[in-house]
Amino acid sequence: MPSTPENLQPPPSPDELKRNAVIVVPAYNEEAVVARVVSDLLHHFPRVVVVDDGSADKTAATARSAGAMVIRHPINRGQGAALQTGIEFALAQGARYIVTFDADGQHQAGDVIRLLEPLIRGECDVTLGSRFLGEARNLPASRKWLLRMGVWFTRWVNGLRLTDTHNGLRAFSRSAAEKLDIQLDGMAHASEIIDFISRNRLSFREVPVEIHYTEYSLAKGQTTRGILRVAIQYLLDKVVR
Amino acid sequence: MNWFQLLVLVVLVLALLVTLAATVRGWATRREAIVWAVICLAVAAATLEPERLIAPIARALGIGRGADLVFYTVAVVMLIGFWMTYIRLRFLRRQITLLVRQLALMEGKRELGDR
């Protein structure tokens, strides 16, 4: 929305911007990669929150020694739940911009600043990373088609024209994040966030980002069966709500 | 009495005994126990006297056979039961998540303080 008081202020300096942004990293059993992700992010931003979603491994300790603020779900509640917890924590910390960033190493810390730029200029409330506007390295063909289906699914359900609906890299202005209340604990939150944007008529923009697929991130990612389950859960929830 | 009726009666007696034991131990309230007992007695009556108790209702509803009436009723009741259980489960999951979130936030604020 173009005329919140925030937007009338002079643009913040890069340092100020970095202090005002909190990066939220939901992590479940990611001890192998979370330290690198955190230190890459800390290189650009001083405030990184890792939400350890009840991991059985040393995710929390590893992230903490890498320099992140760590909060812990005592039991696993799913990525959507972890994101909401992290966002609420970031708001309590006074964040003016909140970025969500996957813990599996597929996102690039350098992309975050490009996601924040439109928010700082007050051009929109939410920015969404898109691998199809940017570059997806080592993206397998099957995964590409699955993501295409996600895009069509969203177009059909919400009527929003997006190029990448299931990208974990997103940025919210404070006022948008305050309205967000992710209720789908599992992976269907990606569609839920898009619903949220369309329902609240938030202005958004897709920003090209790079996704690096590694054997690790692909193994941690969704299976085709998992995605079907997510779609069913999402549609069922729409009926119940 | 045929073998089927005997089998159903044995199962119902066992169910009543379990209900009684649960009530004595305080796992079920008296009201729950009474509701269960009434259901068990109704099933027993319907099993022993299907021609007098079930068949007339089935004919009045235009279903024909008593067994069909029982089958349709069970299908509908189970469907409603599954749906209610799903809603209940969903609600419980939501409450657990909210509880876990509060714990995480409290702990986090205690450890890190409000910056």
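Residues numbered from 1 in each chain as written. Chains lettered and ligands numbered in written order. Predicted model: local features only at pLDDT ≥ 70, side-chain atom pairs only at ≥ 80, totals over all residues.

K.L.:
What is the right way to look at the overall build of chain A in this model?
P.N.:
Scanning chain A from N- to C-terminus turns up 11 helices and 7 strands. A total of 241 residues make up chain A; the buried ones form 46% of that total. Pairs at least 24 residues apart make up 77% of the contacts formed inside chain A by residues separated by at least 6 positions. (Helix = DSSP H or I, 4+ residues; strand = E, 2+ residues; numbered from the N terminus. Buried ≥ 20, exposed ≤ 12 C-beta atoms within 10 Å, placed from the backbone. Contact = placed C-beta atoms within 7 Å.)

K.L.:
So what exactly am I meant to see when it comes to the overall build of chain B here?
P.N.:
Secondary structure assignment for chain B yields 5 helices and 0 strands. For 115 residues, the compact-globule formula gives about 13 Å, and the C-alpha radius of gyration of chain B, at 23 Å, lies well above that figure. Here the C-alpha coordinates of chain B stretch approximately 75 × 35 × 25 Å along the principal axes. Scored against the burial criterion, the 115 residues of chain B give a buried share of 8%. Here the analysis covers contacts within chain B between residues at least 6 apart in sequence; of these, 27% occur between residues at least 24 apart. (Rg over C-alpha atoms; globule rule 2.2 N^0.38 Å.)

K.L.:
Sorry if this is basic, but what is going on with the nonpolar core here?
P.N.:
Core analysis: the biggest nonpolar cluster contains 67 residues, and A:I23, A:V24, A:V25, A:V49, A:V50 and A:I98 have the highest contact counts within it. Here A:I98 is in contact with A:V22, A:V24, A:I87, A:A90, A:A171, A:F172 and A:A177, once residues within four sequence places are set aside. (Core = buried A, V, L, I, M, F, W, Y, C linked by C-beta atoms within 7 Å.)

K.L.:
I keep staring at the domain arrangement of chain B and nothing clicks. Help me out?
P.N.:
Quite often, the size of an interface is put as the accessible area lost when its parts meet. Each assigned domain of chain B is listed here: domain 1 (1–48) and domain 2 (67–115). Taken over C-alpha atoms, the centre of domain 1 of chain B sits 29 Å from the centre of domain 2 of chain B. (Domains from an automatic or database assignment.)

K.L.:
Is there a simple way to explain the interface of chain B and chain A in this structure?
P.N.:
In this assembly, 16 residues from chain B lie in contact with 17 residues from chain A. Class assignment for the residues of the side of chain B that touches chain A results in 6 nonpolar, 2 polar and 8 charged. (Nonpolar A, V, L, I, M, F, W, Y, C, P; charged D, E, K, R; others polar.)

K.L.:
Help me out: how do you make sense of the environment of B:V11 in this one?
P.N.:
Inspection of the secondary structure puts B:V11 in helix α1 (residues 3–24). Sequence-wise, B:V11 and B:C40 are 29 residues apart; in three dimensions their C-alpha atoms are separated by 9.6 Å.

K.L.:
What exactly am I supposed to notice about helix α6 (residues 111–120) of chain A here?
P.N.:
Because an α-helix packs 3.6 residues into every turn, residues spaced three or four apart end up facing the same way. Looking only at α6(A), the buried set comprises A:D111, A:V112, A:L115, A:L116, A:L119 and A:I120. Following α6(A) by one or two positions, A:G122 has its phi on the positive side, about 70°.

K.L.:
Please clarify how the packing of α1(B) against helix α2 (residues 30–48) of chain B should be interpreted in this entry.
P.N.:
What describes two packed helices is the angle between their axes and the distance between those same axes. Residue and element names in this part refer to chain B. Relative orientation of the contacting elements α1 and α2 amounts to 170°, with a least axis distance of 10 Å. Taken together, α1 and α2 sit at an angle that is classed as roughly antiparallel. Together, Q5, V8, L9, L12, A15, L16, T19 and T23 of α1 and R30, A33, W36, A37, C40, V43, A44, T47 and L48 of α2 make up the contact between the two elements. A class-by-class count of the residues in the contact of α1 with α2 yields 12 nonpolar, 4 polar and 1 charged. (Axes fitted to C-alpha atoms, helices over the stretch in contact; angles between N-to-C directions. Parallel < 35°, antiparallel > 145°, perpendicular 65-115°, else oblique.)

K.L.:
Please explain the pairing of strand β1 (residues 21–27) of chain A as it appears in this structure.
P.N.:
In the case of a regular strand, side chains alternate between the two sheet surfaces. All names here are of chain A. Counting buried residues along β1, 7 of its 7 residues qualify, which places the element largely inside the surrounding structure. In this sheet, strand β4 (residues 97–100) lies alongside β1 in parallel orientation, the contact comprising 4 bridges. Note that in β4 the partner of I23 across the bridge is V99. Relative to strand β2 (residues 48–53), β1 runs parallel, the two sharing 5 bridges. Opposite V25, over in β2, you have V50 as the bridge partner. In this view, the connection linking β1 to its parallel neighbour β2 by way of helix α3 (residues 34–44) has right-handed handedness. (Pairing = 2+ DSSP bridges. Right-handed = clockwise from strand over helix to strand, strands pointing away.)

K.L.:
Looking at this structure, how should I read unusual backbone geometry?
P.N.:
Peptide bonds are trans in most cases, and residues, glycine excluded, mostly fall at negative phi. A positive phi angle is found at A:N29, which is not glycine, with a value near 50°. By the secondary structure assignment, A:N29 is in the loop between β1 and α3.

K.L.:
How should the pairing of β4(A) be read in this particular structure?
P.N.:
All names here are of chain A. Of the two faces of β4, the one lined by Y97 and V99 and the one lined by I98 and T100 are each fully buried. In the sheet, β4 pairs with strand β6 (residues 170–173) via 4 bridges, with the strands oriented antiparallel. When the sheet's bridge partners are listed, T100 is paired in β6 with R170.

K.L.:
Just checking my understanding: could you explain the confidence of the model for chain A for this structure?
P.N.:
When pLDDT is low, close inspection of the predicted coordinates is not appropriate. Confidence in the prediction of chain A, expressed as mean pLDDT, is 85, and 89% of residues score 70 or more. Looking across chain A, the model is least confident in helix α1 (residues 5–8) of chain A, with a mean pLDDT of 50, and most confident in β2(A), with 96. (pLDDT = per-residue confidence, 0-100.)

K.L.:
Explain the environment of A:V38 to me, please; I cannot follow it from the model alone.
P.N.:
All names here are of chain A. Residue placement: V38 occurs in helix α3. Here the alpha-carbon distance between V38 and V48, two residues 10 residues apart in the chain, equals 7.1 Å. If sequence neighbours within four positions are ignored, V38 has contacts with V48, V50, A63, A66, G67 and A68.

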